[in-house]
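Chains, contacts and geometry: an overview
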Amino acid sequence: MYICLCKAVTDSQIREAVAKGATRFGQVRKELNLASQCGKCGILAREVFDQSIERNIDNEQLFYAVS
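Throughout this description, residue numbers start from 1 for each chain and increase along the sequence as written. Selection of residues for local features in this predicted model requires a pLDDT of at least 70, selection of side-chain atom pairs for listing and counting requires 80 or more, and totals for whole chains, interfaces and linings are taken over all residues. Heavy atoms from the whole structure form the basis of all side-chain values; hydrogens and water molecules are not counted.

1. Section: the overall build of the protein chain
- Looking only at helices and strands, one finds 3 helices and 2 strands in the protein chain.
- Only DSSP runs of H or I with at least four residues qualify as helices, and only runs of E with at least two residues qualify as strands; both kinds are numbered from the N terminus onward. Reading the protein chain from its N end, one meets helices and strands in the order β-β-α-α-α.
- Contacts between residues were defined by any pair of non-hydrogen atoms, one from each residue, lying within 4.5 Å. Sequence separation of at least 24 residues holds for 52% of the intrachain contacts in the protein chain that already meet a minimum separation of 6.
- Approximately 5100 Å² of the protein chain is accessible, and the part contributed by carbon and sulfur atoms is 51%. Method for areas: the Shrake-Rupley scheme with a 1.4 Å probe, in which residue coverage is limited to the protein chains shown.

2. A word on helix α2 (residues 25-32)
- In this scheme, a residue with accessible area under 20% of its type's maximum is buried, one over 50% is exposed, and one in between is partly exposed, where area comes from a 1.4 Å probe on protein chains only. Listing the buried residues of α2 in full gives Phe25, Val28 and Leu32. Each buried residue of α2 sits inside an arc of 60 degrees when the element is viewed along its axis, so together they form one side. Summarising the geometry of α2, the exposed residues directed more than 90 degrees from the buried face are Lys30 and Glu31.
- Looking one or two residues past α2, Asn33 carries a phi angle of roughly 65 degrees, positive in sign. When we speak of the arc, we mean the arc of directions from the helix axis to the C-beta atoms.

3. Brief notes about the pattern of salt bridges
- Put simply, a salt bridge is a Lys or Arg side-chain nitrogen that is within 4 Å of an Asp or Glu carboxyl oxygen. Under the defined criterion, the tally for this structure stands at 3 salt bridges.
- Close ionic contact of Asp11 with Arg15 constitutes a salt bridge, the shortest N to O distance being 2.6 Å. Taken together, the residues span about one helical turn, with Asp11 and Arg15 both in helix α1 (residues 11-19) at a distance of 4 residues.
- The partner of Asp50 in a salt bridge is Arg46, and the shortest N-O contact between them spans 3.2 Å. Remark: Arg46 and Asp50 occur in helix α3 (residues 42-59); sequence separation between them is 4 residues, near one turn of the helix.
- With a relative accessible area of 38%, Arg46 lands in the partly exposed category.

See the structure below:
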């Protein structure tokens, strides 16, 4: 789904940026040039970013098996 129509940025691109290691919304904004024209996408883009960060944390292994 397109999040930013002005710059043709999709939710998949935001999720991919998080998967590649972006930990701050500012990093994603800079990389994808989000909310740099009209700014209407900022709120939805932030929501997608926050959900992606939460999923990323949930998927991390928080413990290690003892051998």
